[in-house]
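Notes for the structure review
Spelled out from the first residue to the last, the chains are:
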Protein chains: 4
Amino acid sequence: MEHTYRLVIACPDKVGIVARVSNFISEYKGWLTEASYHSERDSGFFFMRNEILANSLTIGLREFQSAFAKIAEEYQMEWFVADSTVRKKVVILASHASHCLADILYRWHSEELHCDIAAVIANHDNLRGMVEWHNIPFHHVPVEPGKKQGHFTRVEALLDQYQAETVVLARYMQILPPHLCERYAGNMINIHHSFLPSFVGANPYYQAYDRGVKLIGATCHYVTQNLDQGPIIEQDVERVNHRHNKEDLVRLGRDVEKIVLARGLRYHLEDRVVIHGNKTVIFD
Amino acid sequence: MEHTYRLVIACPDKVGIVARVSNFISEYKGWLTEASYHSERDSGFFFMRNEILANSLTIGLREFQSAFAKIAEEYQMEWFVADSTVRKKVVILASHASHCLADILYRWHSEELHCDIAAVIANHDNLRGMVEWHNIPFHHVPVEPGKKQGHFTRVEALLDQYQAETVVLARYMQILPPHLCERYAGNMINIHHSFLPSFVGANPYYQAYDRGVKLIGATCHYVTQNLDQGPIIEQDVERVNHRHNKEDLVRLGRDVEKIVLARGLRYHLEDRVVIHGNKTVIFD
Amino acid sequence: MEHTYRLVIACPDKVGIVARVSNFISEYKGWLTEASYHSERDSGFFFMRNEILANSLTIGLREFQSAFAKIAEEYQMEWFVADSTVRKKVVILASHASHCLADILYRWHSEELHCDIAAVIANHDNLRGMVEWHNIPFHHVPVEPGKKQGHFTRVEALLDQYQAETVVLARYMQILPPHLCERYAGNMINIHHSFLPSFVGANPYYQAYDRGVKLIGATCHYVTQNLDQGPIIEQDVERVNHRHNKEDLVRLGRDVEKIVLARGLRYHLEDRVVIHGNKTVIFD
Amino acid sequence: MEHTYRLVIACPDKVGIVARVSNFISEYKGWLTEASYHSERDSGFFFMRNEILANSLTIGLREFQSAFAKIAEEYQMEWFVADSTVRKKVVILASHASHCLADILYRWHSEELHCDIAAVIANHDNLRGMVEWHNIPFHHVPVEPGKKQGHFTRVEALLDQYQAETVVLARYMQILPPHLCERYAGNMINIHHSFLPSFVGANPYYQAYDRGVKLIGATCHYVTQNLDQGPIIEQDVERVNHRHNKEDLVRLGRDVEKIVLARGLRYHLEDRVVIHGNKTVIFD
């Protein structure tokens with residue numbers, strides 16, 4: 001993996017932004033390995049992602065950041081620049097279903113997902129062996145009847161302890177309290193096991209079965225306070241037919257969920273997602 | 001196209017149905033070109049479609065029907081047998097959008113869809129030339145403000161006049177009165193321009209755009225009194241991204257709509273659909 | 001459709017290209033509606049497409065071109081700038097199969113494909129009615145046994161007469177002489193009815209059937225002297241299974257062919273394709 | 001998982017086969033949970049798969065087999081009946097790439113694939129930890145330069161020792177000697193990392209990159225003596241574009257390979273595949 005800086009920008013659209021930013025990069029001899037732009041006509045907003053070879057630049061990251069801040073102010077940019085070699089600290093929340101967790105662990109272990117998995121927290125204990133085999137701390141934080149609040153307090157303490165930057169809900173199945181959604185806004189990723197906005201809420205495959213749909217899907221989205229309503233990162237579907245019963249839908253759905261969550265998480269980890277309102281720009 | 005009889009059956013499941021039916025066919029020397037069976041465990045229902053070479057049988061269609069009626073009664077079957085050479089009379093209802101209509105006309109003209117298109121009825125006049133070039137009667141039945149009932153009365157009279165057996169709503173965009181839905185239950189096919197149950201109602205592509213989905217879709221379904229709730233025949237999707245504006249979604253959607261409607265209509269015309277409750281079994 | 005200029009560039013990669021080009025555009029107040037960049041590490045080549053609102057520029061197209069020529073020379077660019085309102089002159093070559101031709105004519109007629117269809121030339125006469133209904137000249141140029149050369153001479157004369165800029169082989173099924181491929185290099189588009197490089201040559205669906213593949217496909221590519229070897233613009237596939245016979249593959253294939261050719265042609269007409277060696281960059 | 005018997009049949013087509021077989025099943029009160037039929041017109045062959053609830057039958061498996069043998073002889077059937085609770089003994093051959101192996105192990109561990117994984121044999125040692133964590137014996141059988149024969153002798157001895165019924169080549173990357181292909185004909189499954197017949201042989205992703213294809217694929221097939229030419233069980237593709245370099249194709253391809261191999265292996269383990277000549281009928 002190359003050492004690059006990722007400069008990600010959103011701002012009101014205006015003539016000359018690309019020129020201004022690319023001049024800046026060029027001035028410091030920055031070699032672009034990727035450059036992506038998007039101008040959204042409806043909202044009058046402009047989005048940009050530049051990936052620059054770190055060792056082509058005549059200045060370091062901090063100098064780059066402070067120099068760029070002036071341009072950013074001038075154009076009212078929301079922006080950041082990320083170092084590709086600085087791995088995000090990820091904490092995964094799970095329940096008892098293993099497929100999404102196993103898939104993420106495999107991709108992390110095989111160096112396909114570049115991040116640090118700091119810990120896995122689950123409200124069941126059955127996935128401990130799989131997690132610990134990867135030398136990742138596993139915390140069993142049960143959800144006791146009538147004591148949900150205690151569960152969330154403990155989860156938040158662990159997120160603090162591990163300094164979680166990105167939180168992945170890998171079929172966690174609990175509705176987080178609003179202040180946690182707020183706190184990790186734009187950094188907490190969920191996989192919903194339906195093609196949203198179809199079948200929000202519980203048991204989407206059973207809902208899909210009862211409706212007789214011919215495709216089932218999965219949706220990877222950022223978590224917001226409104227359940228299943230957050231910005232969508234990625235979706236995909238799988239064809240089904242009358243021969244598939246509810247259990248078949250669940251089985252087929254697992255593969256879609258895994259793939260969709262892996263893609264969505266990868267976009268996030270590589271700083272390819274810009275959230276704008278309730279939508280995302282994905283510079284894939 | 002071969003001359004076949006299509007024997008389509010739905011009944012409560014029971015040991016020996018396949019044996020009973022296939023004995024019957026075999027007794028009259030029927031050669032099966034296709035045979036499809038489905039046993040739905042949840043509902044305890046059994047579905048079957050046999051396609052039999054007409055000239056292999058030692059009896060004719062009527063004799064076949066009256067002989068089979070006894071078995072049908074014994075097993076409480078809902079059933080019919082259709083002659084592949086008897087083309088269904090189809091009337092298409094349209095508005096001003098041409099893509100679905102043009103696609104059906106093309107497939108009919110090139111002998112891909114086996115049916116008689118008896119007439120096209122539209123509440124705009126712009127598609128007249130295209131329809132008449134195919135030597136199909138075109139009726140412009142406008143929808144006048146405050147006089148919707150008059151429109152539907154005229155439409156129904158035309159359906160009667162042309163003895164419509166199958167009605168296709170090719171982006172017709174009007175909500176039909178309940179008694180018409182009822183009258184053509186199981187024989188009236190709509191194309192909805194979203195992946196149902198997402199985005200029911202008006203302007204689904206705009207809804208999809210606002211929700212920021214990553215796939216758009218279309219749904220071909222039988223019309224029932226509950227808008228967009230009827231049994232689904234076929235669905236498909238197309239990938240979209242942030243670069244696509246509302247007009248792009250509409251454009252990309254047109255191709256999905258055409259394909260999905262054509263597939264659904266073909267299943268219906270070839271007697272491949274069995275409706276059971278609010279779901280379909282498709283023997284494709 | 002907006003009035004834009006499309007500036008398309010390919011050149012050896014180098015620090016500062018984006019800055020140089022975007023400065024140029026910005027200097028003349030050009031408002032970017034789209035901007036796409038690609039840096040190909042293997043070949044060290046850089047590709048760029050900028051779409052600029054015509055009426056935002058302080059200069060006209062000619063002035064723009066001559067001013068830009070200096071930058072182009074400096075960076076050894078292959079480049080052009082196209083006016084979105086200047087429609088390319090397209091001549092379609094066909095045989096007797098109607099599906100691709102009908103699809104292109106429909107998309108042109110419904111203003112989805114922005115071009116002028118100057119004429120259709122076919123070696124059968126059966127598509128005349130469909131073409132002439134669109135008020136497009138139709139030329140029947142038969143291929144007589146042992147007189148292929150005469151056919152091609154006549155075809156070339158017609159291409160000259162209509163000043164063809166883009167030539168579309170809509171299931172034309174004839175192998176063009178090398179000098180014609182050469183003459184229209186990068187401007188002659190073919191649809192091959194297989195997922196290339198599988199099943200080059202004749203009867204690809206029959207080859208696919210005999211091989212027992214589970215997906216069939218179609219490939220839209222630029223024509224070169226080496227049959228079925230030119231740069232690929234677009235491909236897609238459709239799932240098939242053992243129940244599909246050869247005729248079914250042909251039928252299913254028609255839909256893939258139409259869609260793939262329409263997409264490829266649209267990319268070409270909108271100047272979204274850059275050919276580099278035997279590959280394409282598609283700025284979709 | 002239900003206890004069923006799977007009766008799988010291939011024979012020359014003839015009037016009355018379905019009747020004869022379903023009578024037989026019905027006579028012994030067999031309850032069909034699935035029944036699939038296929039009549040191939042070209043070859044005049046008939047294929048059938050019946051899945052029968054074991055405890056609905058009035059006779060046991062052996063009695064069933066000997067009773068059915070008479071019918072089978074009469075109709076010149078190739079046939080077998082398999083007990084769903086008898087798990088096939090699977091030996092996996094691997095090299096150093098982990099993705100397909102990890103995926104199969106996960107699906108086996110989570111009870112999605114019903115089989116016994118008797119052992120994993122690999123010519124590298126790096127996957128030992130992953131395999132042994134699943135309590136499956138791992139054998140490192142290196143391929144030493146100039147001593148390939150020794151490797152294969154050892155592999156065959158291990159297949160004997162574990163009484164392998166099904167052999168899975170999970171990116172094994174070695175060309176097996178003909179007698180081994182012969183010995184496990186119809187029971188040895190390979191995953192080829194291209195959409196066959198495109199890109200046979202080595203480094204298919206690099207070949208695909210050089211050809212500039214717009215979709216990459218994977219093919220699961222039975223191994224025969226002719227490399228990459230055996231009967232295809234399953235295929236799928238993934239869309240790629242000019243932004244993907246060779247490494248991206250490899251990464252994207254891994255997901256397709258895993259899914260395609262898992263589907264193909266599942267069909268095989270559930271006795272859903274009938275091989276006929278160089279093609280397969282898949283009763284999915």
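All of these numbers come straight from a predicted model, not from anything done at the bench. (Residues numbered from 1 in each chain as written. Chains lettered and ligands numbered in written order. Predicted model: local features only at pLDDT ≥ 70, side-chain atom pairs only at ≥ 80, totals over all residues.)

All right, on to the overall build of chain A then. On a plain count of helices and strands, chain A comes out with eight helices and 13 strands. Over its C-alpha trace chain A gives a radius of gyration of 20 Å, about what one expects of a compact globule, namely 19 Å for 284 residues. Seen through its C-alpha atoms, chain A measures out along the principal axes to roughly 60 × 40 × 35 Å. Expressed as a percentage of its 284 residues, the buried residues of chain A come to 45%. In chain A, once contacts between residues fewer than 6 apart in sequence are set aside, the share between residues at least 24 apart is 69%. (Helix = DSSP H or I, 4+ residues; strand = E, 2+ residues; numbered from the N terminus. Rg over C-alpha atoms; globule rule 2.2 N^0.38 Å. Buried ≥ 20, exposed ≤ 12 C-beta atoms within 10 Å, placed from the backbone. Contact = placed C-beta atoms within 7 Å.)

Bringing the interface of chain D and chain C into the picture now. Many analyses report the size of an interface as the accessible area lost when the parts associate. Taken together, the 25 residues of chain D in the interface contact 25 residues of chain C. Those elements that provide at least two residues to the side of chain D that touches chain C are β11 (232-239) and β13 (279-282) of chain D.

With 25 residues of chain A in contact, the opposing surface of chain B contributes 25 residues. For the side of chain A that touches chain B, the class distribution of residues is nine nonpolar, nine polar and seven charged. (Nonpolar A, V, L, I, M, F, W, Y, C, P; charged D, E, K, R; others polar.)

Another aspect to go through is the pairing of β13(D). Residues and elements named next belong to chain D. Inspection of the sheet shows strand β12 (residues 273-276) paired to β13 by four bridges, in the antiparallel sense. Bridge pairing links His276 to Lys279 in β13. Between β12 and β13, which pair antiparallel and follow one another directly, the connecting turn spans two residues, one of which, Gly277, has a positive phi of 60 degrees. (Pairing = 2+ DSSP bridges.)

The next thing to look at is the sheet that holds strand β7 (residues 138-140) of chain A. All names here are of chain A. Taken together, the seven strands give an open sheet; going across it, the order is β7-β6-β5-β8-β9-β10-β11, and neighbouring strands pair in mixed fashion. In this open sheet, the two edge strands, each paired with only one partner strand, are β7 and β11 (232-239). Across the sheet, the axes of successive neighbouring strands diverge by a mean angle of 15 degrees, strand direction being ignored. Where strand β10 (residues 215-222) meets β11, seven bridges bridge the pair, whose relative direction is antiparallel. What sits directly across from Cys220, in β11, is Glu234. (Axes fitted to C-alpha atoms, helices over the stretch in contact; angles between N-to-C directions.)

Residue and element names in this part refer to chain A. In this structure, strand β2 (residues 32-40) lies alongside strand β3 (residues 45-53), joined through eight bridges in antiparallel fashion. Bridge pairing in β3 places His38 opposite Phe47. Joining the antiparallel neighbours β2 and β3 is a turn of four residues, in which Gly44 adopts a positive phi near 65 degrees.

A few words on the relation of the copies chain A and chain B. Copy one and copy two of the chain differ by a rotation about an axis and a translation along that axis. Between chain A and chain B, which share one sequence, the superposing operator has a rotation angle of 180 degrees and an axial displacement of 0.0 Å; the RMSD is 0.0 Å. Here the symmetry operator amounts to a two-fold rotation axis. Scanning chain A for the C-alpha nearest the rotation axis identifies A:Ser198, at a separation of 2.4 Å. Residue by residue, 100% of the interface of chain A is reproduced at the interface of chain B, so both copies engage with the same surface. (Least-squares fit on C-alpha atoms with pLDDT ≥ 70 in both.)

All right, on to the packing of helix α3 (residues 99-109) of chain A against helix α8 (residues 246-269) of chain A then. Residues and elements named next belong to chain A. Relative to each other, α3 and α8 sit at 45 degrees, their axes nearing to 9 Å. In terms of their interaxial angle, α3 and α8 are classed as oblique. Note on packing geometry: the crossing formed by α3 with α8 is right-handed. Here His99, Cys100, Asp103, Ile104 and Arg107 of α3 lie close against α8, whose contacting residues are Arg254, Glu257, Lys258, Leu261, Ala262 and Leu265. Residue composition of the contact of α3 with α8, by class: five nonpolar, one polar and five charged. (Parallel < 35°, antiparallel > 145°, perpendicular 65-115°, else oblique. Left-handed = near helix turned anticlockwise from the far one by under 90°.)

Here the focus is the sheet that holds strand β9 (residues 188-192) of chain B. All names here are of chain B. With mixed pairing, the seven strands of this open sheet are ordered in space as β7-β6-β5-β8-β9-β10-β11. The sheet terminates laterally at β7 (138-140) and β11 (232-239), the two strands that pair on one side only. With strand direction ignored, the average angle separating the axes of adjacent strands in the sheet is 15 degrees. Direction of pairing for strand β5 (residues 89-94) relative to strand β8 (residues 166-170): parallel, over a ladder of five bridges. Pairing of Val91 across the sheet is with Val167, part of β8.

This brings us to the domain arrangement of chain A. All names here are of chain A. Domain parsing of chain A yields domain 1 (4-83) and domain 2 (89-282). On a C-alpha basis, the centroid separation for the pair domain 1 and domain 2 is 31 Å. The interface is formed by eight residues belonging to domain 1 together with five residues belonging to domain 2. Class assignment of the residues belonging to the side of domain 1 that touches domain 2 gives a composition of five nonpolar, one polar and two charged. (Domains from an automatic or database assignment.)

Another point: the nonpolar core. In terms of nonpolar packing, the biggest core is built from 335 residues, with A:Ala170, B:Ala170, C:Ala170 and D:Ala170 touching the most fellow members. Contacts of D:Ala170, omitting those with residues within four sequence positions, involve D:Ile92, D:Leu93, D:Ala94, D:Cys100, D:Leu101, D:Ile104, D:Ile191 and D:Leu261. (Core = buried A, V, L, I, M, F, W, Y, C linked by C-beta atoms within 7 Å.)

As a further point, take the relation of the copies chain D and chain C. Of the transformation placing chain D onto chain C, the axial shift is 0.0 Å and the rotation is 180 degrees, giving an RMSD of 0.0 Å. Comparing contact sets, 100% of the residues at the interface of chain D also lie at the interface in chain C, consistent with an isologous, same-surface contact.

This paragraph deals with unusual backbone geometry. At the junction of A:Leu196 and A:Pro197, the peptide bond is cis and its omega measures out at 5 degrees in the coordinates. One can find A:Pro197 in the loop between β9 (188-192) and α7 (204-211). Residue A:Lys29 is not a glycine yet carries a positive backbone phi of 65 degrees. Its place among the elements puts A:Lys29 in the loop between α1 (17-27) and β2. Phi angles above zero are rare outside glycine, and D:Met173 is one such case at about 70 degrees. As for its placement among the helices and strands, D:Met173 is situated in the loop between β8 (166-170) and α6 (178-183).

Here we come to the packing of helix α7 (residues 204-211) of chain C against helix α8 (residues 246-269) of chain C. Between two packed helices, both the angle of their axes relative to each other and the distance between the axes serve to describe the pair. Residue and element names in this part refer to chain C. Put simply, α7 and α8 touch, their axes get as near as 9 Å, and they point 125 degrees apart. Here α7 is positioned oblique relative to α8, judged by the angle of their axes. In this structure, α7 meets α8 at a crossing whose hand is right-handed. Across the interface between the two elements, Tyr205, Tyr206, Ala208 and Tyr209 from α7 touch Lys246, Leu249, Val250 and Gly253 from α8. Residue classes in the contact of α7 with α8 are distributed as six nonpolar, one polar and one charged.

For α8(A), which comprises 24 residues, the first-to-last C-alpha distance of 34 Å matches the rise-based estimate of 34 Å (1.5 Å per residue) to within 8%. With its phi angle positive at about 55 degrees, A:Asp271 sits one or two positions after the end of α8(A). (Expected span 1.5 Å × (residues − 1).)

Now for the confidence of the model for chain A. Low-pLDDT portions of the prediction should not be read for the details of their coordinates. Mean pLDDT over chain A: 96, with 100% of residues reaching 70 or higher. Note on the complex model: pTM 0.96, ipTM 0.94. (pLDDT = per-residue confidence, 0-100.)

Now for the environment of B:Arg62. Note on placement: B:Arg62 falls in helix α2 (residues 61-74). For the pair B:Arg62 and B:Asp271, spaced 209 residues apart in the sequence, the C-alpha separation amounts to 18 Å.

Our next topic: the environment of A:Glu2. All names here are of chain A. Tracing the chain through its elements places Glu2 in the segment before β1 (4-12). Taking the C-alpha atoms as reference points, Glu2 and Tyr222, 220 residues apart in sequence, are found 27 Å from one another. Non-local contacts of Glu2, meaning those with residues more than four positions away in its chain, are made with Thr33, Leu53 and Ser84.

Bringing the environment of A:Arg254 into the picture now. Following the sequence through the fold, A:Arg254 ends up in helix α8. Taking C-alpha positions, A:Arg254 is 25 Å from A:Pro137, a pair spaced 117 residues apart along the chain.

Another point: helix α5 (residues 148-161) of chain B. Helix length check: α5(B) (14 residues) gives 20 Å between terminal C-alpha atoms against 20 Å at 1.5 Å per residue, within 8%. In the stretch just after α5(B), B:Gln163 is the one whose phi turns positive, near 50 degrees.

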